[in-house]
Amino acid sequence: MIQNVRGTKDILPEESFAWRYLEDKIQSIVRMYGYGELRTPIFEKTEVFSRGIGEVSDIVNKEMYTFTDRSDNSLTLRPEMTAALVRSAIQNKLVYGNHVERLWYYGPFFRYERPQKGRQRMFHQFGIECLGSSNPESDGEVIVLSDHLLKELGINDYTLVINTIGDADCRNRFAFDLKNYLQSHLNELSEDSQYRFEKNPLRILDSKSPQDQKILGNAPKISDYLNENSKSKYTEIKNILDSVGIYYKEDHTLVRGLDYYSDIVFEFKSDALGAQDSFGGGGRYDHLFEQLGGTPIPAVGFAIGVERLLLIMDANNLIPKDPGPDFFVILSDPEESEYRSKIASILRGRGYCVVTDLQRKSFKAQFKDSNRINATYSVILGPEEIAENFISVKRMADGEQFVLKLNEISTFDF
Ligand code: HAM
């Protein structure tokens, strides 16, 4: 038997109801905030991500699905959307003049990671990006929208963690001192971090090695390097969150693993997830447009992992059950299937979901099927109903039965 690729999953019909439910909620929330949908190709030129996310990040260094096509182009299955979206925004001139562009996206992403609960090699993200404003109101809007979605889904047991990593000036001064400090511990650092030391010492802050983390315990802290501008922006964002009653925790060690961030960064965490406790994250990225060859445009955004969100919803019983079809039409004599088609067509004409037997099963077996698929009503077409042009309807929840003449079906209040 040929199996699916490790780290990928089939989403089966009984699961897709939950996906649809979530997708509908997402669409209704983004509409409330005036965001438009952007769909970009699943693969891009590799440089979009290597230049955008950073050569030394784990994503670019270890996790990308990169391949050479038949024309020798290096292409990569998108590991995230922000860099691809900025590529598209530059190319399609989506932001011009004094204009703000609000965009959302939803779709599959690919990272070669070790699969475990909540971590796959093909996963899905929903995200938003607000392009063209450097004002804290835009950071606030992005966080408020993400929080709104979680509350709309009934999720309450999560923590929003925020931090500021300062602007380029703060980070350059910090990186200089961090490098000086780490120089004296270079031989004790993990192999990965020794490599990062040369290329981009700030990425050492992401290291999961306990030894690296111990060394970092006494290292300089970015919070001591913030300039007035970064500090006051951060305070304004916190004021916005306070004003709408969004609870957050500050964590000065939160840096996030992508190079494009500056100033505010944030993550949503949940205890329902185990080791992969972070299920969404984002931040400001005011220099990504330039890094990808565009004119400077300030921007902020966030993305949430759909699989992780569904795990949290499932753990909290927040996924409604598929209600099943409205009607299952049971026919006693397969020769009379035209009568059944007529009834099904009248009901579908009213917008109802109607399922019928395709296997010419016995009357009893059809009743069983109607129960199994959880139909709200069974429509019974026995010899009498067919001969006298009426239908019997049984409400499955309480067994109540009634009859309707043909001309009553199109108006009856079920
Ligand atoms: P990220 O933190 O790399 O950020 O990913 C966002 C979310 O995607 C994670 O919190 C997680 O829920 C989900 N995710 C990531 N990798 C996996 C995986 N292997 N399996 C399952 N879920 C996963 C970004 O991607 C940024 N582009 C977010 C952003 C948007 N920043 C600004 N705008």
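Note that this is a predicted model, so its numbers are computed, not measured.

Parameters at a glance
Residues numbered from 1 in each chain as written. Predicted model: local features only at pLDDT ≥ 70, side-chain atom pairs only at ≥ 80, totals over all residues. Heavy atoms only, no water. Buried < 20%, exposed > 50% of the residue type's maximum accessible area, 1.4 Å probe, protein only. Helix = DSSP H or I, 4+ residues; strand = E, 2+ residues; numbered from the N terminus. Pairing = 2+ DSSP bridges. Core = buried A, V, L, I, M, F, W, Y, C linked by side-chain atoms within 4.5 Å. Contact = heavy atoms within 4.5 Å. Salt bridge = Lys/Arg side-chain N within 4 Å of Asp/Glu carboxyl O.

1. Side note on helix α11 (residues 306-315)
For step 1, the next point in the chain: In terms of burial, α11 is largely enclosed, as 7 of its 10 residues are buried.
For step 2, the next point in the chain: Looking only at α11, the buried set comprises V306, E307, R308, L309, L310, I312 and M313.
For step 3, the next point in the chain: Of the residues one or two after α11, N317 is the one with positive phi, at around 50°.

2. Here we look at the sheet that holds strand β5 (residues 101-110)
For step 1, the next point in the chain: Spatially, the 8 strands line up as an open sheet ordered β1-β5-β6-β11-β10-β9-β7-β8, and their pairing is mixed. Each edge of the open sheet is held by one strand with a lone partner, namely β1 (36-37) and β8 (249-250).
For step 2, the next point in the chain: Taken together, the 7 bridges between strand β6 (residues 122-131) and strand β11 (residues 299-305) define a ladder with antiparallel strand orientation. Bridging from a neighbouring strand, F126 pairs with I304 of β11.

3. A short note on the nonpolar core
For step 1, the next point in the chain: With 40 residues, the main nonpolar core has F126, I128, L160, F266, F279 and L309 as its most contacted residues.
For step 2, the next point in the chain: Among the secondary structure elements, those contributing two or more residues to this core are α1 (13-32), β6, α5 (136-152), β7 (158-164), α9 (228-243), β9 (262-270), β11 and α11.
For step 3, the next point in the chain: For I128, the contacting residues outside a window of four places in its chain are V30, Y35, L103, W104, Y105, V142, L145, V300, G301 and F302.
For step 4, the next point in the chain: In this structure, M81, V95, L288 and A303 belong to the second largest nonpolar core, which totals 35 residues.

4. A closer look at the pattern of salt bridges
For step 1, the next point in the chain: Scanning the model with the defined rule gives 23 salt bridges in all.
For step 2, the next point in the chain: The partner of E267 in a salt bridge is R256, and the shortest N-O contact between them spans 2.8 Å. Of the two residues, E267 is situated in strand β9 and R256 in the loop between β8 and β9; the sequence distance between them amounts to 11 residues. Each of the two residues, E267 as well as R256, counts as buried.
For step 3, the next point in the chain: Residues D369 and K361 are paired through a salt bridge, measuring 2.8 Å at the closest nitrogen-oxygen approach.
For step 4, the next point in the chain: Owing to a relative accessible area of 11%, D369 belongs among the buried residues under this scheme.

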